[in-house]
Amino acid sequence: MFRLALQRVSTAVSHRLSKPKLASQQVRTMANTTDDGQFKTWKPLAPTLRQRRMASRKHLHKGGPIRELTVAKRRTGGRNNTGRITCRHRGGGAKRRIRLVDFRRKEPGPQQVIRLEYDPGRTAHIALIKHMETGKLSYILAPIGLKPGAVVQSFMSEGQKALGNTESSAQTTAEKDNENADSPEIPDGEVPGAQEYTSEGLKLKAGAPQKATLEVGNCMPLKMVPIGSIIHNIGLHPFGRAQIARSAGASAQLLYTAPTGLAQIKLMSGEIRRVPVDACATLGRVSNPNHKHEKLGGAGARRRRGWRPTVRGTAMNTHDHPHGGGRGKSKGNKHPRSPWGKLAKGGKTRRKPNTLVVRERPRR
């Protein structure tokens, strides 16, 4: 009897499964997230998800990075070699691997963009590029508008060669003038190996490399960049690595440049400063400009990023903070200060002015 009943039940279940469902009987599943191409929002299944808003990443690569282009990130929890905390509010968080981004761009030749990737170590996105001749892979900062399949180039080596050719030709010309005083004079502007600078960039004489291509993502010295261009990934030393305008949405504008000497750029803060004309710069603006509008929503998101809680100074004791101690919410009748007694709002901390700054950023 038991076997017969079990057989009838199994037959009924198989019959129900094989029978197609009507449209009205199908179970509707609602997504817990919404991505409109700019931001990704969550259905408020929990209080922390109600205000959570992150920049869209659906156009980025879904897999992991190239293992050979990463190194492990070893954490210290904000402690130095003696074990004492030197950087507060750090510790924990998910494991990360540091992406090795090429900030020098010395490799000449065309490089094709393979894909765009997310980098947990920075606010901007990165692009995986492959050299079309050697097949070498590398990471660069992805500017706005850069898509897979695009071709980018670096003209840093061309600028360095042009600089070397100019110096060597000038030295050779001077030596020949000293040796042969009766030799025919060279007309002005016809010095062998001399450079011509136009509004479109650097243009060299016959037998020298052609002028730089002005495309988003191309890297070149500042002396090759047209005046008024929007640039990012700017260096501070001749043919050195990029150090300025590398965060999400950052950029600068080139105000002045010349064949030699110093160029002038205007930063997003309003500061105008001088930079060597042989320093690197990339055309365009850094990607992920919506990062400044993100909201993590809860404290757990901060903990997963390696940040620990912050305690207010008024909640501490007297010997722990200048705002500590006293009865109630009193600061001891002092101006806002750091734990080490430095003025926290409006106090000057810069001792020596930067001589390369033409105009400082506007102060509040």
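Structure first, text after, so check above.
Keep in mind that this is a model prediction, so the values were computed, not measured.

A. Main features of the sheet that holds strand β1 (residues 33-35). Sheet architecture is open: three strands sit in the order β1-β2-β3, paired in antiparallel fashion. The open sheet has two free edges, formed respectively by β1 and β3 (53-55), since each of these has just one partner strand. Put simply, the sheet's adjacent strands are angled 20° from each other on average, direction ignored. Bridge count between strand β2 (residues 39-42) and β3: three bridges; the pairing is antiparallel. Of the residues in β3, the one forming a bridge with K40 is M54.

B. Region of interest: the sheet that holds strand β9 (residues 151-152). As summarised here, the arrangement of the four strands in space is β8-β7-β6-β9, forming an open sheet in which the pairing is antiparallel. Bordering the open sheet on either side are β8 (137-141) and β9, each of which pairs with just one other strand. The pairing of strand β7 (residues 126-131) with β8 spans five bridges and is antiparallel. Bridging from a neighbouring strand, A127 pairs with I140 of β8.

C. Up close: the packing of aromatic side chains. According to the stated counting rule, one finds zero aromatic pairs in the structure shown. Sitting above the plane of the W307 ring, R90 keeps its charged end 4.1 Å from the centroid. Sitting above the plane of the F103 ring, R246 keeps its charged end 4.0 Å from the centroid.

D. View of the pattern of salt bridges. Scanning all chains against the criterion turns up four salt bridges. Residue R122 is joined to D119 by a salt bridge in which the shortest nitrogen-to-oxygen separation is 2.8 Å. The residue K223 makes a salt bridge to D278 at a minimum N-O spacing of 3.0 Å. Here D278 lies in the loop between β18 (272-276) and β19 (280-283) and K223 lies in the loop between β12 (219-221) and β13 (230-232), a separation of 55 residues in the sequence. Classification of D278 as buried rests on a relative accessible area of 12%.

E. Representation of a positive patch on the surface within the structure. Among the surface-exposed residues, K73, R75, R90 and R302 lie close enough to one another that they form a single positively charged patch. Relative to the helices and strands, K73 is located in the loop between β4 (70-72) and β5 (97-99).

F. Geometry of the environment of C219. With respect to the element layout, C219 can be found in strand β12. As a C-alpha pair, C219 and I231 span twelve residues in sequence and 9.4 Å in three-dimensional space.

G. How the structure looks around a nonpolar patch on the surface. Taken together, the side chains of V71, I98 and L100 make up a nonpolar region of the molecular surface, amounting to roughly 220 Å² of accessible area. Mapped onto the secondary structure, V71 falls in strand β4.

H. How the structure looks around the layout of surface pockets. The space that makes up the largest pocket amounts to roughly 690 Å³. As for the largest pocket, its lining consists of 29 residues, of which R96, P120, R305, G306 and W307 are closest to the centre. Taken together, the residues that form the lining of the largest pocket break down as six nonpolar, eleven polar and twelve charged. Taken as a whole, the second largest pocket spans an internal volume of roughly 410 Å³. Considering the residues around the second largest pocket, the lining is formed by G346, G347, K348, T349, R350, R351, K352, P353, E360, R361, R363 and R364. Class assignment for the residues of the lining of the second largest pocket results in one nonpolar, three polar and eight charged.

Calculation notes
- Residues numbered from 1 in each chain as written.
- Predicted model: local features only at pLDDT ≥ 70, side-chain atom pairs only at ≥ 80, totals over all residues.
- Heavy atoms only, no water.
- Pairing = 2+ DSSP bridges.
- Helix = DSSP H or I, 4+ residues; strand = E, 2+ residues; numbered from the N terminus.
- Axes fitted to C-alpha atoms, helices over the stretch in contact; angles between N-to-C directions.
- Phe/Tyr/Trp six-rings, centres within 6.5 Å; stacked < 30°, edge-to-face > 60°.
- Lys NZ or Arg CZ within 6 Å of the ring centre and 35° of its normal.
- Salt bridge = Lys/Arg side-chain N within 4 Å of Asp/Glu carboxyl O.
- Buried < 20%, exposed > 50% of the residue type's maximum accessible area, 1.4 Å probe, protein only.
- Patch = residues over 30% accessible without salt bridge, like charges linked within 9 Å, V, L, I, M, F, W, Y side chains within 5 Å.
- Areas by Shrake-Rupley, 256 points an atom, 1.4 Å probe, with all protein chains shown as cover.
- Lys, Arg positive; Asp, Glu negative; His and termini not counted.
- Charge placed at Lys NZ, Arg CZ, Asp CG, Glu CD.
- 1 Å grid on protein atoms, 1.4 Å probe; cavity = no way out; pocket = protein on both sides within 12 Å on 5 of 7 lines; lining within 4 Å.
- Points joined across faces, edges and corners; volume = space filled by probe spheres on them.
- Nonpolar A, V, L, I, M, F, W, Y, C, P; charged D, E, K, R; others polar.

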